[in-house]
Structures are given as structure tokens and as C-alpha cells.
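# Commentary on secondary and tertiary structure
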Amino acid sequence: QPPRGARHGAHRSGGSRDAGDPLTTNLFVGNLAPTTTELRLQAVFGAHGPIASIKIMWPRTAEEQTRPHNSGFVAFMTRSDAESALTSFSSPSPPLALDGHELRVEWGRAVPRPRAPLPLPPGLAAY
């Protein structure tokens, strides 16, 4: 059975979604509005704990630029903070909407973690 939060087909060995690593702290975030920024994701996901990294997959090709959504990744410093965010964002019905788009949040493939979390932007409360 796929891990909690994984969708059909997401439990595979290739690509950027989780391959069953029980230690990953990286979350795949799908259906992002084209206007959503890394700072916006840090503000929303940062409520669950220190963030190791954030990456939005910005469209590069003409075909990608016609899509009405983007996807990205939010990695936490600890597994427990990532689990908290995953539970929070995958539990509501309907799913959490951010900038007018209902988010799809799943485990992502593990990425290296830095020694220190991303610095908090000015005006964002401490964890």
C-alpha cells in the first residue's frame, strides 16, 4: 500500500515523487497557482516548522507556460514537521486552497538538507 498522502502511481522509483523513503522531509506540492511564490509557500508551510528548501518548478517551455498551474517542493528540517504539514494539507475536505487553487500535497523524493533552515522573511513570525 502506498504511503499516506501518496496518490495512485506516485509510489515509484523514478521521478521526483516519493519512492518509499521513510526519512524524507520533502513534500511535493501540486496545482500551485502561477502567481504563488516561494515566499508565499514559506509563509504557509512554515507554520509547521523550519523549512530546509522551497522550489517551484517554473514553466520553461511554451507548452509549460500554457498550463494553468505549477508544481513545487517544500522540504522541512525534520520529518515530524513534514508529517504535520502533510496531514494538515491533505486532511481538509475540500482540500486547502491557496491563491485560488486547491493544493495537492504528497511525499516527495528525499533531498539533502542544509545545516540551517531558510531564514525567515521580514514580518514572518518565528516557528
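Our structure is the block above this text.
This section reports on the structure supplied with the text. (Residues numbered from 1 in each chain as written. Predicted model: local features only at pLDDT ≥ 70, side-chain atom pairs only at ≥ 80, totals over all residues. Heavy atoms only, no water.)

Applying the stated criterion to the full structure yields two aromatic pairs. Seen from their ring centres, Phe28 and Phe73 are 5.6 Å apart, and the 65° between their planes marks the pair as edge-to-face. Of this pair, Phe28 sits in strand S1 (residues 26–32) while Phe73 sits in strand S3 (residues 70–76), and the two are 45 residues apart along the sequence. (Phe/Tyr/Trp six-rings, centres within 6.5 Å; stacked < 30°, edge-to-face > 60°. Helix = DSSP H or I, 4+ residues; strand = E, 2+ residues; numbered from the N terminus.)

Mapped onto the elements of the fold, Thr36 is located in the loop between S1 and helix H1 (38–45). A distance of 2.7 Å separates a polar atom in the side chain of Thr36 from a polar atom in the side chain of Asp99. Sequence-distant contacts of Thr36, defined by excluding residues within four places in its chain, comprise Leu41, Ile56, Trp58, Leu98 and Asp99. (Polar contact = N/O pair within 3.5 Å; in protein donor to acceptor, adjacent residues only side chain to side chain. Contact = heavy atoms within 4.5 Å.)

Tallying each qualifying case throughout the model produces three salt bridges. For Arg40, the salt bridge goes to Asp99, with nearest N and O atoms at 3.1 Å. On the criterion of sequence distance, the pair formed by Arg40 in helix H1 and Asp99 in the loop between strand S4 (97–98) and strand S5 (101–102) is long-range, its members being 59 residues apart. Accessibility expressed as a relative area gives 35% for Arg40, which makes it partly exposed. The closest approach of N and O atoms between Glu83 and Arg79, which form a salt bridge, is 3.1 Å. You can see Glu83 and its partner Arg79 sitting in helix H3 (residues 79–90), four residues apart, about one turn around the helix. Note on Arg79: relative accessible area 23%, which makes it partly exposed. (Salt bridge = Lys/Arg side-chain N within 4 Å of Asp/Glu carboxyl O. Buried < 20%, exposed > 50% of the residue type's maximum accessible area, 1.4 Å probe, protein only.)

Let's shift gears to the environment of Ser88. By the element assignment, Ser88 lies in helix H3. The spacing of Ser88 and Val105 is 17 residues in sequence and 9.6 Å in space, taken between C-alpha atoms.

With 19 residues, the main nonpolar core has Leu27, Leu41, Phe45, Val74, Phe76 and Val105 as its most contacted residues. Mapped onto this core, the elements with two or more residues apiece are S1, H1, strand S2 (51–57), S3, H3 and strand S6 (104–107). Sorting elements by how many residues they give to this core places H3 first, with four residues. What Leu41 contacts, discounting residues up to four positions off in sequence, is Leu32, Thr36, Gly46, Ile54, Ile56, Val74 and Leu98. (Core = buried A, V, L, I, M, F, W, Y, C linked by side-chain atoms within 4.5 Å.)

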